[in-house]
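Residues per chain are reported as follows:
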Amino acid sequence: MTYRYKTKGTCSQLIELEIDDDQTIKKVAFVGGCNGNLQGISKLVCGQKIDDVIKKLEGIKCGFRQTSCPDQLAQALKQVKESF
């Protein structure tokens, strides 16, 4: 299933996710933000379970901000999880 999440408080504006029925992440694409870093994060989380990624990324901050692109990915995944 494909999901879209509008980010809050980050340079990226949107996260597009593709998740399998068994809650495995198939694809992650960020719109905006630090392209190279976000491509790296996307590749690292593909093939992992939603819960594992949330545990690793939730709470990461970017500089003075209270969130980050990885944290926003965790928030997006928490929202996706609720729909299962």
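Residues numbered from 1 in each chain as written. Predicted model: local features only at pLDDT ≥ 70, side-chain atom pairs only at ≥ 80, totals over all residues. Heavy atoms only, no water.

> I keep staring at the overall build of the protein chain and nothing clicks. Help me out?
For the protein chain, the count of helices and strands is three helices and three strands. Its C-alpha atoms give the protein chain a radius of gyration of 12 Å, within 12% of the compact-globule value 12 Å for 84 residues. Seen through its C-alpha atoms, the protein chain measures out along the principal axes to roughly 35 × 20 × 20 Å. Looking at the 84 residues of the protein chain, the share that counts as buried comes to 38%. Roughly 5100 Å² of accessible area belongs to the protein chain as shown, and the carbon and sulfur atoms make up 53% of that amount. One way to put it: in the protein chain the 13 positive side-chain charges average out to a point 7 Å from where the 10 negative ones average out. (Helix = DSSP H or I, 4+ residues; strand = E, 2+ residues; numbered from the N terminus. Rg over C-alpha atoms; globule rule 2.2 N^0.38 Å. Buried < 20%, exposed > 50% of the residue type's maximum accessible area, 1.4 Å probe, protein only. Areas by Shrake-Rupley, 256 points an atom, 1.4 Å probe, with all protein chains shown as cover. Lys, Arg positive; Asp, Glu negative; His and termini not counted. Charge placed at Lys NZ, Arg CZ, Asp CG, Glu CD.)

> I tried to follow the nonpolar core on my own but got confused; where do I start?
Across soluble globular proteins, nonpolar side chains show a tendency to be buried alongside one another. In this structure, Leu-17, Ile-19, Ile-25, Val-28, Val-45, Leu-73 and Leu-77 are the most contacted members of the largest nonpolar core, which totals 21 residues. When contributions to this core are tallied by element, the ones reaching two or more residues are strand E1 (2-6), strand E2 (12-19), strand E3 (25-32), helix H1 (35-45), helix H2 (50-57) and helix H3 (69-82). Top element by residues in this core is H3. It accounts for six residues. In this structure, Leu-17 is in contact with Met-1, Thr-2, Tyr-3, Lys-27, Val-28, Leu-73, Ala-76, Leu-77 and Val-80, ignoring residues within four places of it in sequence. (Core = buried A, V, L, I, M, F, W, Y, C linked by side-chain atoms within 4.5 Å. Contact = heavy atoms within 4.5 Å.)

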